[in-house]
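Descriptive structure summary
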Amino acid sequence: MSAIEYPLHSVAAGAQQKWSGDYLFLIRNLALKDFRVRYRNMSLGMFWSVLNPLVMMGVLWFVFTKIFSNAIPHFAAFVLCGIVPYNLFTTSWLTGTTSLVDNAGLIKRVPVPREIIPIATVLGNCAHMSVQVVLLLALILVSGMGVNRYWWWLIALWPLEIVFVTGLVLIFSALNVYIRDIRYVVESATVVLFWLVPIIYPFSYIPDRYHEIYQFNPIAAMVLALRNILLEGVAPPASLLIKLTFSSTVMLLVGLFVFRRLRAKFYNYL
Amino acid sequence: MTSRPIIEFRDVWKSFHRHSGQLLLRAHVQRLASWRKPVERFDALKKISFRMERGESLAVVGANGAGKSTLLSLIAGLVPPDRGRVDVRGRVAALLELGSGFHPDLTGAENVHLNAALLGLGRKRLHDVFADIVEFAELADFIEEPLRTYSTGMTMRLAFAVAVHMDPDILLIDEVLAVGDHAFQAKCFAKILDFRRCGKTILCVSHASGMVQQLCSRALWLDHGDLLLDGAMAEVGSAYESHLKPAHAYTAETPRDSQDP
């Protein structure tokens, strides 16, 4: 027997809605839905997820080795180390931001915990982006750089990026319910981010005074760590990992806090 | 067991903004710029109090905009009240806008899984009732087809089948008995009567149709957010119908007047 008991104030009442169900089963089904819907109507299916970063990598490789020459070895792999975490981040951010509005029908009809919808959207997106991670690792092997023991770090790094983007998406999906322009802000921000993350330039080109700040950008930190591990075969510096862990955890906590403050009035605005 | 009410409303108020769909940045800036102009609100429910005992069946009648759907949303836990208190002591299955969680590109079976998970069913329990759901919906031959190939009636049958297999304590019904063909409607109605016999609590919203009169023993009459009447179905039903009469009488008399001269 469960009881839904509301205190006298509606803001607090929003936090009290009870849903007694199987959280993991629901998240799995929601993520599977996004995944299936994405691929069911594509004749080439997963191939598109691989093609997009390959085209991007090809263009950047052509421009920065044939038009502007540079001395960075394995430039194609170097660029892909930037594109894959960048893609994972931006596609999750974009689809996550509109997730509540896209699923307004669910929110208005089923008392599921609202957090589940942006979280499941991010996870579903990550499942589909994992093909690109496989592509990256395959290219590294094909380029003649072998597996080294630091590859274990990858198991911790990708989840940290997912934690970070989940926190961010909790904030932006909630804001997008109240102000529908938010998604366009995010679209512009991803363009800016492409240049703020060291995708086509190495970290060493960045002036020293920006180094510290750069490492607090989890996507930049992710790219740097990937290059350390995959291209240079060295462990990423501890300071980098600490900053990455710190900013991801903080972002998730802030995201949950903001989301809980905003969710009480979702129903009225959807 | 002591008979605590299964649903209890105590002085419940609920109002909504009239933001008239203006959700773009410009509207927000304009509102800030217009220096604290009070936001227009309307009260969907005004100081509503009632209680329902376990096993009761209650109909909510009233015109459009009377607050019937808001009342169901509060019981389903979709919105919190502004003031007052709503207590619900049991598992609620809401047959509100059936199939709102369905996706046309997923197969029937995939939609059943998703919808059941949304309604709170676990993996094991779904595994046990999945065959029953498909059988009840009479869709065994189509369950692996994408939902967009289904007719509206087939979709509704599937949604209804999932909802009634949730094993709820409280069933909320929002004028959804118009599901499928006559045979299936009869089956749905029989299923709901079954729920009543098992001592489940039923709450349905309607414009006082015959089916509801047959199903419910008690009724609430809502009008513009006020609770006008709370009593036996027959009593409230006839009061509500006679309230509606004048409007009907007027339209019915017009042609006869023209024949008189």
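Residues numbered from 1 in each chain as written. Chains lettered and ligands numbered in written order. Predicted model: local features only at pLDDT ≥ 70, side-chain atom pairs only at ≥ 80, totals over all residues. Heavy atoms only, no water.

**Remarks on the overall build of chain B**
Using the following cut-off: Here a helix means four or more residues in a row that DSSP labels H or I, a strand means two or more in a row labelled E, and each is numbered from the N terminus. Each residue is placed in one exposure class: buried if its accessible area under a 1.4 Å probe, protein chains only, is under 20% of its type's maximum, exposed if it is over 50%, and partly exposed if it falls in between. Only heavy atoms enter the contact rule, under which two residues are in contact if any of them lie within 4.5 Å. Residue burial considers only the protein chains on display, and all accessible areas are found by Shrake-Rupley using a 1.4 Å probe.
Per the secondary structure count, chain B includes eight helices and nine strands. Taking all 261 residues of chain B together, 49% fall into the buried category. Sequence-distant contacts, at least 24 apart, represent 73% of the contacts inside chain B between residues at least 6 apart. In the form shown here, chain B has an accessible surface area of approximately 13,000 Å², with 53% of it arising from carbon and sulfur atoms.

**Topic: the pattern of salt bridges**
Residue and element names in this part refer to chain B. Heads up, the condition is: Criterion for a salt bridge: a side-chain nitrogen of Lys or Arg within 4 Å of a carboxyl oxygen of Asp or Glu.
Applying the stated criterion to the full structure yields 19 salt bridges over all chains. The salt bridge involving D194 is made with R197; its shortest N-O contact spans 3.0 Å. Of the two residues, D194 and R197 both sit in helix α6 (residues 182-197), three residues apart, roughly one turn of that helix. What makes D194 partly exposed here is its relative accessible area of 34%. Given the relative accessible area of 64%, R197 is considered exposed. Where salt bridges share partners, they join E8, R10, R51, E53, R85, D87 and R89 into one cluster.

**Brief notes about the packing of aromatic side chains**
The criterion, for reference: Here a Phe, Tyr or Trp ring, Trp counted by its six-membered ring, pairs with any other such ring whose centre lies within 6.5 Å, and the pair is stacked when the planes are under 30 degrees apart, edge-to-face when over 60, and tilted otherwise.
By the definition in use, this model includes 17 aromatic pairs over all chains. Here the aromatic rings of F64(A) and F75(A) are separated by 6.3 Å at their centres, their planes lie at 45°, and the arrangement is tilted. With F64(A) in helix α3 (residues 47-67) and F75(A) in helix α4 (residues 75-97), this residue pair connects regions lying 11 residues apart in the sequence. A relative accessible area of 4% places F75(A) in the buried class. Their ring planes at 20° and their centres at 6.1 Å tell us that F136(B) and F160(B) sit as a pair that is stacked. Of this pair, F136(B) sits in helix α4 (residues 123-137) while F160(B) sits in helix α5 (residues 152-164), and the two are 24 residues apart along the sequence. Look at F160(B) and you get buried, because its relative accessible area is 0%.

**Overview of the interface of chain A and chain B**
For clarity, the cut-off: Buried area: the accessible area, evaluated with a 1.4 Å probe, that two parts lose upon being put together, summed over both parts. Any pair of N or O atoms that falls within 3.5 Å is considered a polar contact. Within protein, one atom must be able to donate a hydrogen and the other to accept it, and sequence-neighbouring residues count only if both atoms are side-chain atoms.
With 43 residues of chain A in contact, the opposing surface of chain B contributes 49 residues. For the pair chain A and chain B, the summed buried surface comes to about 4,000 Å²; carbon and sulfur atoms form 59% of the total. Where chain A packs against chain B, one counts one salt bridge. Measuring nitrogen to oxygen at the nearest pair gives 3.2 Å for the salt bridge that ties E110(B) to R36(A). Between the two partners, chain A and chain B, sit one residue pair in polar contact (both at pLDDT 80 or more). Looking at the side of chain A that touches chain B, the elements that each hand over two or more residues are β1 (3-5), α1 (10-14), α2 (23-40), α6 (104-109), α8 (153-178) and α13 (266-269) of chain A. Considering every element that reaches the side of chain A that touches chain B, the biggest residue donor is α2(A), with eight residues.

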